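Residue strings, one per chain:
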Amino acid sequence: MTNGRQDRRYLWLGPGAAWLILLMLFAVSLGSAYLPLGAGNLAVNLGIAAVMLAVLAAVLMDLRNSVALVRIVAAAGLFWIIIMFALTFSDFLTRHY
Amino acid sequence: MSDTAGALQHPWPDLRMQRAGVGLGMWMFLASEVLFFGGLMVSYAVYRSFNEDAFRIAGAHAQIVYGSINTVILLTSSFTMTVALRAATANVRQATLLFLGITAALGIAFLVCKGLEYREDLKEHLFPGPQFPLSPPATAMFWGFYWAMTGIHAVHLTAGIAVVLVVWTLFKRRVIPVQGSTMEGVAIYWHFVDSVWIVLFPLLYLAGRS
C-alpha cells in the first residue's frame, strides 16, 4: 500500500514541481515585459526563457539522468546554433555602412 | 510472454538500453530541428537589430491573452506527457493512457486557441500585403516572422498530436506494450515542440509591451 502510494507520487511529484517552476517563470517573464526596462526587457525575457528551457531539458526531458552520449548530442544542437548566431552577427554588428 | 518481454526488441539486451537508443535517435533528429528553427530565429534577430522600433510597434499588436493561454496549455501538456512517460516506464497502463489522452487534448486545445487568435489577427489585416495597417514598413517583417514561426510550430504540434493519438490507440488495443521504448521518443519530441514555443513567446508576444 505504502509502496503503491510512493510509486504514484514518483509519477507526478518531480514533474509537478518542474511544472510549477515553469509557470512561475512564465508569470515573471510576462509581468517584467510591462516594466519600462528599455533594451533590458528583451534580455530579461530571453534570460527567463533560457532558464525555462534548462528546467524543461533537465527535469521533464530527463537529460540529468541521461547517458553521456545523449547529453553530447543534445549539446551539439546548442553548440551549432551558437556558432550560427556568432558568425552571422560577427558580420552584421561589425558593418560600418 | 510477459508485457516486458514483448516490449524488448532486437538487438537490445535490456529495456533501459533500448530506451536510451530511442532517446539518442530522437535527440539527433532534434539537433537538426534546432538548426531549422535556428535559421528563422537568427533571421528574426538580424532584422530586429536593424528595426528595433518597428518590431516593438508590431509586437504590441500580437494577441497577448491568446499567447499566454497557449503557453500555460503547452507547459501543462509537457507535465502530463512526463507523467505518461513515467507511468509507461513503470508499466502502469491506465495512467499512461489517461495522461497521454490529456496531453493530446491539451495539444488540440492549443491549436483551437491558435485558430481563434489567427482569426483576430486576420480581422485586423495583420498579414503582410496591400491592406497591412501598420507603419513603418518594417512592421510587416515582424508579422512575416509571426506567421512563419507560429505556422511552422503549429505544423510540428499537429504532427505531435497525430503521433500521440496513434500511440494511444496502439496502447489501448494492446498492439504494442506501454513499457517499451515508444513513449521515450514521443515524449522527447513533444517537449521539443514546447521548447520552441518557450522561445517564440517572448520574441513574438512580449516585444513592445512596456
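All residue numbers refer to position in the chain's written sequence, counted from 1. Each chain gets a letter, beginning with A, and each ligand a number, beginning with 1, in the order they are written. The model is predicted, so local features are restricted to residues of pLDDT at least 70 and side-chain atom pairs to those at 80 or more, both for listing and for counting; the totals for chains, interfaces and linings are taken over all residues. With hydrogens and water excluded, all non-hydrogen atoms of the structure serve as input to the side-chain values.

A few words now on the overall build of chain B. Working definition: helices are DSSP H or I runs of at least four residues, strands are E runs of at least two. Numbering for both runs from the N terminus. A count of helical and extended segments in chain B gives seven helices and zero strands. Helices and strands appear in chain B in the N-to-C order α-α-α-α-α-α-α. Seen through its principal axes, chain B has C-alpha atoms that stretch 70 × 30 × 30 Å. The cut-offs for exposure are 20% and 50% of the maximum accessible area for each residue type, with area from a 1.4 Å probe on protein chains only; residues under the lower value are buried, those over the upper are exposed, and the others partly exposed. The buried share of chain B, taken over its 210 residues, is 55%. Two residues qualify as a contact provided that any one of their heavy atoms is within 4.5 Å of a heavy atom in the partner residue. Contacts in chain B between residues far apart in sequence, at least 24 positions, make up 80% of those at least 6 positions apart. Here, Shrake-Rupley sampling with a 1.4 Å probe gives the accessible areas, and only protein chains in the shown set may cover a residue. Here chain B displays about 8600 Å² of accessible surface, and carbon together with sulfur accounts for 69% of that area.

It is worth spelling out the interface of chain A and chain B at this point. Each side of the interface is counted separately: chain A has 41 residues, and chain B has 44 residues. Buried surface area refers to the total accessible area, computed with a probe of radius 1.4 Å, that the two partners give up upon joining, counted for both partners together. Buried area between chain A and chain B, both sides added, is near 3800 Å², and the carbon and sulfur share of it is 82%. On the chain A side of the contact with chain B, L11, F26 and M61 of chain A bury the most area, a combined 16% of that side's loss. The term salt bridge refers to a side-chain nitrogen of Lys or Arg lying within 4 Å of a carboxyl oxygen of Asp or Glu. Inspection of the chain A/chain B interface yields zero salt bridges. The definition of a polar contact used here is a pair of N or O atoms within 3.5 Å, where within protein one atom must be able to donate a hydrogen and the other to accept one, and adjacent residues in sequence count solely through side-chain atom pairs. Where chain A touches chain B, the interface holds five residue pairs in polar contact (both at pLDDT 80 or more). When contributions to the side of chain A that touches chain B are tallied by element, the ones reaching two or more residues are helix 1 (2–32), helix 2 (40–60) and helix 3 (68–92) of chain A. Nonpolar residues are Ala, Val, Leu, Ile, Met, Phe, Trp, Tyr, Cys and Pro. Charged residues are Asp, Glu, Lys and Arg, and all others, Gly as well, are polar. Residues that form the side of chain A that touches chain B fall into these classes: 32 nonpolar, eight polar and one charged.

All names here are of chain B. Geometrically, the link from H10 to P11 is a cis peptide bond, its omega value of 10 degrees lying close to zero. Along the chain, the position of P11 falls in the loop between helix 1 (3–7) and helix 2 (15–50). Along the chain, S135 connects to P136 via a cis peptide bond; the corresponding omega equals 5 degrees. By the secondary structure assignment, P136 is in the loop between helix 5 (93–123) and helix 6 (139–172).

An automatic or database domain assignment supplies the residue ranges for each domain. For chain A, the assigned domains are domain 1 (1–63) and domain 2 (66–97). In this structure, domain 1 of chain A and domain 2 of chain A have C-alpha centres spaced 24 Å apart.

A separate point is the side chain of N70 of chain B. Residue and element names in this part refer to chain B. Its location among the elements puts N70 in helix 4 (residues 64–89). A distance of 3.5 Å separates a polar atom in the side chain of N70 from the backbone oxygen of F110. Beyond its immediate stretch of four places on either side in the chain, N70 contacts A109, F110, C113, K114, E117 and W197.

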